[in-house]
Protein chains: 2
Amino acid sequence: MILRPALLACLLASALPGAVRAATPYRSQQQILDASPSSDWRTLDPTRTLYLQLPAGRVVIELAPQFAPEHVANILTFAHEHFWDGTSIYRTQDNFVLQFGDADGEDPAKAKSLGTAKTHLPAEFHRSASGLDFKKIPDRDGWAREVGFVDGFPAARDGADGKAWLAHCYGTLGAGRNNADDSSIGAELYVTIGQSPRQLDDNITVVGRVVKGMELLSATPRGPEPMGFYEDPKLRTPIISIRLASELPAAERTPLQLLRTDSQTFRDVAESKRNRVDDFYKRPAGHIDLCNVPLPVRTTQG
Amino acid sequence: MILRPALLACLLASALPGAVRAATPYRSQQQILDASPSSDWRTLDPTRTLYLQLPAGRVVIELAPQFAPEHVANILTFAHEHFWDGTSIYRTQDNFVLQFGDADGEDPAKAKSLGTAKTHLPAEFHRSASGLDFKKIPDRDGWAREVGFVDGFPAARDGADGKAWLAHCYGTLGAGRNNADDSSIGAELYVTIGQSPRQLDDNITVVGRVVKGMELLSATPRGPEPMGFYEDPKLRTPIISIRLASELPAAERTPLQLLRTDSQTFRDVAESKRNRVDDFYKRPAGHIDLCNVPLPVRTTQG
């Protein structure tokens, strides 16, 4: 990992002495992906994909209506009515979250109109685990009884018949709220940019995750005020627009495919990270945390 | 957490219904720190403190000679001889690490002289746990049998008489290496800027951690090349200098104190995050990950 690219190419084909799973030749993530069948990939659904357009480029977000149907419906309304155009990233707190939307949203004299969006929604912190295709991983987790993936999202549940919720990992998109659990409407959104703040799990409504363009968000200069706010509007990052992908002409969409988290390829990638057997790693961890599991994305030709 | 500062001030003094530990009134981290005795704080030792001077400001690093004595000794030589002055941050990989030092270090024709520093060191991935004041935390961890803190550093061990090593959390400073375990000399250093890459634990030599100024590193634009390298030197962030604090006049030092990780105040802070009982959190997690435990730092008047 600290290697220069030229050296990195020299991946070891044979297993190291004493390595776990020496019976199967070790394959790197890239080797596993290169050999994957196309059926292990899914194309992003444009009716639940947002494009957040910043001066530096486009951030692609996948929404999670199966966990937060009311919030996602409101978000689709906001996007359709161009609510976020001309708003900003008005908060970036190091090792935690950045937040965007209407910086004046809490000032009735200055707040933007919410258009036809709903002004009150129920909290959608969790849902029933029943009916979800929850793919458990075997790894220990301190925050939840069971962790795994649902439709490409890192998730947790307290049992197959209990509650399930989306986990806060790097790139998670949530709906900012005040103290009341039902005080979010999806107008003010935050993205995790640091160590996974899993303490927020089942404490706030998660609405999706960033699938491409995190580097445009994570390098945002941190805000000088407490909690990373920028009181000076000039320090905020302008949001040019947020659009639903299906509302753009096909030629203007970003053609992405995501590795299906219910695929063998995905399980193989996780295992390749759980027990690394290459020239660099001397001691396979035998473990991976939910938020360290890679979620591969690739660009396709339309 | 998503609140505006004005609202954040309204912390709830009384416990929520059904909250954990309702018998003791909940105190926020700030309330705990405000009430802490001065003996629970320690002043950074200038003989093991580095100042990394960037155009945007100073990053303060605490070294860990108790875990990597040979590497730290070499680093002191490099700092004393001004090895890093005029070098750069030449790699920033999103959600992983940034790396700095001599971008041409692997090109014998262009590499800077290493001065009197040693050109070979033993790997210092771990040490004996014996003799360490290891303060275990009770929380589950997937990567190691026991986790906790040693002298202010997040650490792990496989038992009181076994091996101990420093953990890769946000802000961890390590010595970049090539494939050979003994290929690092402390000239090329990396800092974790994303989700804790604990798979590196006991696989590379950790030499310290950033105690102030992480926001100057974490917002560095990500490198366009694979693994976040910047082939174009103009994209690299210049390093003005790296100095040992004790080699600067006292008036030019940054006067910092760190909360002692063997103090009751530290245990109380961790518990305040493990079981949050305030207006915002509706469901205390009852857990905290090693890399989520706050490591409070305060500025003193010299």
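Residues numbered from 1 in each chain as written. Chains lettered and ligands numbered in written order. Predicted model: local features only at pLDDT ≥ 70, side-chain atom pairs only at ≥ 80, totals over all residues. Heavy atoms only, no water.

Engineer: What's the story with helix H5 (residues 264-274) of chain B in this structure? I'm lost.
Structural biologist: Residues that lie three or four places apart on an α-helix share one face, since the helix turns once every 3.6 residues. Residues and elements named next belong to chain B. Extensive coverage of H5 is indicated by the burial of eight of its eleven residues. What H5 keeps buried is the set Thr 265, Phe 266, Val 269, Ala 270, Glu 271, Ser 272, Lys 273 and Arg 274. Turning to H5, the residues buried within the fold contact helix H2 (29-34), strand E8 (146-150) and strand E16 (256-259). (Buried < 20%, exposed > 50% of the residue type's maximum accessible area, 1.4 Å probe, protein only. Helix = DSSP H or I, 4+ residues; strand = E, 2+ residues; numbered from the N terminus. Contact = heavy atoms within 4.5 Å.)

Engineer: So what exactly am I meant to see when it comes to the environment of Leu44(A) here?
Structural biologist: All names here are of chain A. In this structure, Leu 44 sits in the loop between strand E1 (41-43) and strand E2 (49-54). Each C-alpha atom, one on Leu 44 and one on Gln 257, is 6.0 Å from the other, the two residues being 213 residues apart in sequence. Setting aside anything within four residues of it in sequence, one finds Leu 44 in contact with Thr 49, Val 60, Glu 62, Val 211, Leu 256 and Leu 258.

Engineer: How should the sheet that holds strand E3 (residues 57-63) of chain A be read in this particular structure?
Structural biologist: Think of a sheet as strands paired side by side through backbone hydrogen bonds, with each pair either parallel or antiparallel. Residues and elements named next belong to chain A. Sheet architecture is open: nine strands sit in the order E14-E4-E5-E12-E11-E13-E3-E2-E15, paired in antiparallel fashion. Looking along the sheet, the strands with just one partner apiece sit at the ends: strand E14 (237-238) and strand E15 (241-244). The pairing of strand E5 (residues 97-101) with strand E12 (residues 189-192) spans four bridges and is classified as antiparallel. The partner of Gln 99 across the bridge, within E12, is Tyr 190. Along the sheet face, helix H3 (residues 69-80) touches E2, E3, strand E11 (172-175), E12, strand E13 (205-212) and E15 and points at about 55° away from the line of E13. (Pairing = 2+ DSSP bridges. Axes fitted to C-alpha atoms, helices over the stretch in contact; angles between N-to-C directions.)

Engineer: Sorry, what's going on with the relation of the copies chain B and chain A here?
Structural biologist: The two chain copies are related to each other by a rotation about an axis together with a translation along it. Each copy superposes on the other: chain B lies on chain A with an RMSD of 0.0 Å after a rotation of 180° and an axial shift of 0.0 Å. Accordingly, the operation relating the two chain copies is best matched by a two-fold axis. (Least-squares fit on C-alpha atoms with pLDDT ≥ 70 in both.)

Engineer: Mind showing me how you'd approach the packing of aromatic side chains here?
Structural biologist: Using the criterion set out here, one finds twelve aromatic pairs over all chains in the structure. Ring geometry for Phe83(A) versus Trp84(A): centroids 5.8 Å apart, planes at 75°, classification edge-to-face. Each member of the pair, Phe83(A) as well as Trp84(A), carries the same accessibility label: buried. Ring geometry for Phe78(B) and Trp84(B): centres 5.4 Å apart, planes at 55°, overall tilted. The class for Phe78(B) is buried, based on a relative accessible area of 0%. On the basis of relative accessibility, which here comes to 0%, the residue Trp84(B) falls in the buried class. Among the aromatic residues, those joined into a cluster by ring pairs are Phe78(A), Phe83(A) and Trp84(A). Between the NZ or CZ atom of Arg283(B) and the centre of the ring of Trp165(A), over which it lies, the distance is 5.1 Å. (Phe/Tyr/Trp six-rings, centres within 6.5 Å; stacked < 30°, edge-to-face > 60°. Lys NZ or Arg CZ within 6 Å of the ring centre and 35° of its normal.)

Engineer: How should I be thinking about the side chain of Arg276(A) in this particular structure?
Structural biologist: Here Arg276(A) shows up in the loop between helix H5 (264-274) and strand E17 (297-299). Summary of buried charges: Arg276(A) has no salt-bridge partner, and the nearest side chain of opposite charge, Asp278(A), is 6.1 Å away. Engagement of the side chain of Arg276(A) in a polar contact is seen with the backbone oxygen of Lys273(A), the distance being 3.3 Å. In contact with Arg276(A), not counting residues within four places along its chain, are Tyr26(A), Tyr281(A), Pro284(A) and Gln199(B). (Lys, Arg positive; Asp, Glu negative; His and termini not counted. Salt bridge = Lys/Arg side-chain N within 4 Å of Asp/Glu carboxyl O. Polar contact = N/O pair within 3.5 Å; in protein donor to acceptor, adjacent residues only side chain to side chain.)

Engineer: When you look at empty space enclosed by the protein in this model, what are you seeing that I'm missing?
Structural biologist: Which parts of space are left empty comes out when a probe the size of a water molecule is rolled across the atoms. What the rule picks out here adds up to six cavities of 30 Å³ or more. Counted as a void, the largest cavity has a volume near 110 Å³. Taken together, 16 residues form the lining of the largest cavity, with Asp141(A), Gly142(A), Trp143(A), Asp289(A) and Asp289(B) sitting closest to its centre. Here the lining of the largest cavity is built from residues that sort into four nonpolar, five polar and seven charged. Counted as a void, the second largest cavity has a volume near 50 Å³. Only strand E10 (163-166) and E13 of chain A provide two or more residues apiece to the lining of the second largest cavity. Per-class residue counts for the lining of the second largest cavity are six nonpolar, two polar and one charged. (1 Å grid on protein atoms, 1.4 Å probe; cavity = no way out; pocket = protein on both sides within 12 Å on 5 of 7 lines; lining within 4 Å. Points joined across faces, edges and corners; volume = space filled by probe spheres on them. Nonpolar A, V, L, I, M, F, W, Y, C, P; charged D, E, K, R; others polar.)

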